[in-house]
Each structure stands twice: as structure tokens, then as C-alpha cells.
Amino acid sequence: YALSVDPTNSTNCGTDNATFAVDVQSINSYTDPVTLSVSGLPGGASAIFSTNPVTPGNITTLTINGLNGLADGDYNFNLNGTSTSGNKTVALSFTVQDPSMATLTSPTDGAVNRSRTPLLEWVAVSGADSYDVEVATDASFANIVASSNVTTNSWLVNTELATSTDHYWRVRHVRVCGNDPWAATFQFRTLVVCDDNSPFFEDFSG
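These numbers were taken from a predicted model, which means no experiment stands behind them.

1. Things to note about the sheet that holds strand E7 (residues 73-83)
Here four strands make up an open sheet; going across it, the order is E2-E8-E7-E4 and the pairing mixed. A single partner strand is all that each edge strand has here, and the edge strands are strand E2 (9-12) and strand E4 (35-39). Neighbour-to-neighbour, the strand axes of the sheet open up by a mean angle of 25°, direction not taken into account. Note: E4 against E7, five bridges, orientation antiparallel. Bridge assignment links Thr35 to a residue of E7, and that residue is Thr82.

2. What to know about the sheet that holds strand E1 (residues 2-6)
Taken in spatial order, the four strands make up an open sheet running E1-E3-E6-E5, and their pairing is antiparallel. Looking at which strands have only one partner, the edges of the open sheet turn out to be E1 and strand E5 (46-49). Geometrically, the sheet is characterised by an average inter-axis angle of 25° between neighbouring strands, direction not taken into account. Bridging between strand E3 (residues 17-25) and strand E6 (residues 58-65) involves eight bridges; their strand directions are antiparallel. Across the sheet, Asn17 pairs through a bridge with Asn65, a residue of E6.

3. Remarks on the packing of aromatic side chains
For the structure on display, the rule yields six aromatic pairs. On the basis of an interplanar angle of 20° and a centroid distance of 6.1 Å, the ring pair of Tyr1 and Tyr30 is categorised as stacked. Note that Tyr1 is positioned in the segment before E1 and Tyr30 in the loop between E3 and E4, a separation of 29 residues in sequence. Look at Tyr30 and you get buried, because its relative accessible area is 15%. With 6.1 Å between their ring centres and 85° between their planes, Trp169 and Phe186 make a pair best called edge-to-face. With Trp169 in strand E15 (residues 166-175) and Phe186 in strand E17 (residues 186-190), this residue pair connects regions lying 17 residues apart in the sequence. Accessibility expressed as a relative area gives 0% for Trp169, which makes it buried.

Conventions we followed
Residues numbered from 1 in each chain as written. Predicted model: local features only at pLDDT ≥ 70, side-chain atom pairs only at ≥ 80, totals over all residues. Heavy atoms only, no water. Pairing = 2+ DSSP bridges. Helix = DSSP H or I, 4+ residues; strand = E, 2+ residues; numbered from the N terminus. Axes fitted to C-alpha atoms, helices over the stretch in contact; angles between N-to-C directions. Phe/Tyr/Trp six-rings, centres within 6.5 Å; stacked < 30°, edge-to-face > 60°. Buried < 20%, exposed > 50% of the residue type's maximum accessible area, 1.4 Å probe, protein only.

In C-alpha cells:
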């Protein structure tokens, strides 16, 4: 007999279980039952088969439960088959990616006298393939004036923003299995410009 599994890796965003189709294949008309088991699961996760033992020539579904209690990351485990003709092992894995909102760091919320092309920064997150960034002149983001998708946790705005204007910015993680929610919006104000177009910085110290 032989074991074939689809998929060999499952990526899960916010779901509590991962499923794998286990094909127990018959070689030379072999029909002795194959008993399946799983080893190497992290604590808190458990496995169940829709049918076990399995007669070669049939498919069973393996379900790994308890993923919501695991930290984000990659987890490796083994599928084991035991029968009178011998033992088989297939290496499998699953990835846990719980949806989360980005944490914005700079400019801080309420910052003033920012550059017209500010550097926006946020906390990097493991498992994020990239980040969507948006800048708007209104809190509802109906008027987006700059946006990008980047692979690092910072972006130098590549469009000159209006002076003396409140701007709002937000970020979200982009993952293989979907986009996370947008971060809580931060607001900053671009530097003030006099009528003669020479910039000055307002003194808010007093």
C-alpha cells in the first residue's frame, strides 16, 4: 500500500481546524486494513479520521482541531500508517495565521508639521506577505490621496501631500488566505506654509 495526502500543507487564517484528504492506495491488489495515526502535533491540537482503519483503495479525511489556541507559525507533524505489510510515514504541516490589525508607530496619532512626503512606519508581523497602505484627507477614506502595497513595514509616501492639511493613514496585513482588518486610523497634519510659500513650524510648546 501507499499513502498520498492532499494538501501536504494547509494554511489557516482564523479557522480552528485543518483538513487533509488521505488516499490509502492499493499496490498489487493489497487489501489488508491500514491503521492511521498522527504524531508530532503541538499541545492543544488533536486529530480525527473520518474512517480508520482504512481498506487500501479508499480515501479518508484527516481533521486537525484546536488551531485557534496556537500561536502564529508553521507546525510540522507526521501521518503514520500501520498494516501487515509494514509501516509508512508522510510528513505534513499546517500554518496558523490569526487575523490581526496592524500597529501603527510613526507618525504618531495627532502629529503636526509633518513632511509632505512622510515616512509611514508600523510593526512588522510574521506571516504577512505584504502590507496595504492608504492615506486620505478624510477619516472615512472616501478621498484617498496616496496608496501602495509594500513588502516592508514602512513606506515613504511617493506623492506630495497638501500643506497645512489633516491626513489620515491606515495599514492592513495581506496574507495568502486573505487580508486582515484595517488598523485603527492615525491622523497627522502636514507642515504649515505662509502666504509667501515659505514653511514655518508652529510652536505648540506654550
